[in-house]
Amino acid sequence: MKKLAIIAAIFGADAAAAESYVPVYDQATFLSLVSGKELRNRLYGVRLNVSENGQIQGAAIGRQIVGSWSWQDGYFCREMQWGSRPIPYNCQLVEVKDNDMVRFTVDQGAGDSAAFRLQ
């Protein structure tokens, strides 16, 4: 259960500071940020690739992450699986900072957030 709590934190409970983050409202801008880059959260060992074809692949704490995403009404909407555990569908506000940090905030920006470095 502890590992699940950590993964939940990764995908929606990071209290990243709000300074200098700018909202991303369109898919083209989002793709220009993440295409060909890996999203990393070193604290939890998360590495993700978000592809232009709507797929998500990566790993966290030694388990594979797979999923799919789409862009809907200005939000990044995704559904994933971490190992054998589902991570339910959710639409998230995307924000960028200094073109090398991206933050996802669940529930269309009303919930918890997780920040990733783009590498």
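Residues numbered from 1 in each chain as written. Predicted model: local features only at pLDDT ≥ 70, side-chain atom pairs only at ≥ 80, totals over all residues. Heavy atoms only, no water.

**Concerning the overall build of the chain**
Basically, it comes down to this: Strands are runs of DSSP state E lasting at least two residues, helices are runs of H or I lasting at least four, and both sets are numbered from the N terminus onward. Any residue under 20% of the maximum accessible area for its type is buried, any over 50% is exposed, and the rest in between are partly exposed; the area is computed with a 1.4 Å probe on protein chains only. Residues count as neighbours in contact if any of their non-hydrogen atoms are within 4.5 Å of one another. Each accessible area is a Shrake-Rupley estimate made with a 1.4 Å probe; only the visible protein chains count as cover when residues are assessed.
Along the backbone of the chain there are 2 helices and 9 strands. Counting helices and strands in the order they occur from the N terminus, the chain gives α-β-α-β-β-β-β-β-β-β-β. A buried classification covers 43% of the 119 residues belonging to the chain. At a minimum sequence separation of 6, the contacts of the chain that also span at least 24 residues come to 41%. By element, 49% of the accessible surface of the chain is carried by carbon and sulfur atoms, the whole surface being about 6,400 Å².

**Here we look at the nonpolar core**
To keep things clear, this is the line we draw: For this analysis, a nonpolar core means a set of buried residues of the types Ala, Val, Leu, Ile, Met, Phe, Trp, Tyr and Cys, connected via side-chain atoms within 4.5 Å.
Grouped together as the largest cluster of nonpolar side chains are 25 residues, with contacts concentrated most on Phe30, Leu39 and Phe76. At the level of elements, helix H2 (27-34), strand E3 (46-50), strand E4 (55-60), strand E5 (63-72), strand E6 (75-82), strand E7 (85-97), strand E8 (101-105) and strand E9 (113-118) are the ones that each hand at least two residues to this core. Tallying contributions element by element places H2 first for this core, with 4 residues. Excluding anything up to four places from it in sequence, Phe30 contacts Val24, Val50, Trp69, Trp71, Phe76, Val94 and Phe104.

**Re the side chain of Glu38**
This is how it is decided: Whenever a nitrogen or oxygen atom comes within 3.5 Å of another N or O atom, the pair is scored as a polar contact, on the condition that within protein one atom can donate a hydrogen and the other can accept it, and that pairs from neighbouring residues in sequence are kept only if both atoms are in side chains.
Tracing the backbone shows Glu38 in the loop between H2 and strand E2 (39-41). Judged by its relative accessible area of 17%, Glu38 falls in the buried class. Looking at Glu38, its side chain comes within polar contact range of the side chain of Arg47, at 3.3 Å. Dropping the residues within four chain positions of it, Glu38 is found in contact with Arg47, Leu48, Asn49, Arg117, Leu118 and Gln119.

**Examining the layout of surface pockets**
Threshold: A 1.4 Å probe that fits but cannot get out identifies a cavity on a 1 Å grid over protein atoms alone, an open set with protein on both sides within 12 Å along at least five of seven lines counts as a pocket, and a residue lines either if it has an atom within 4 Å of a point. Grid points are joined across faces, edges and corners, and a volume is the space filled by probe spheres set on the points. Residues are sorted three ways: Asp, Glu, Lys and Arg are charged, Ala, Val, Leu, Ile, Met, Phe, Trp, Tyr, Cys and Pro are nonpolar, and all the rest, Gly among them, are polar.
In this structure, the largest pocket occupies an estimated 160 Å³ of space. The wall of the largest pocket is formed by 10 residues, among which Arg40, Asn41, Arg42, Leu43 and Ala115 lie closest to the centre. Listed by contribution, the elements that provide at least two residues to the lining of the largest pocket are E2 and E9. Partitioning the lining of the largest pocket into residue classes produces 4 nonpolar, 2 polar and 4 charged.

Fair warning: the whole summary comes from geometry, so function is off the table for now.
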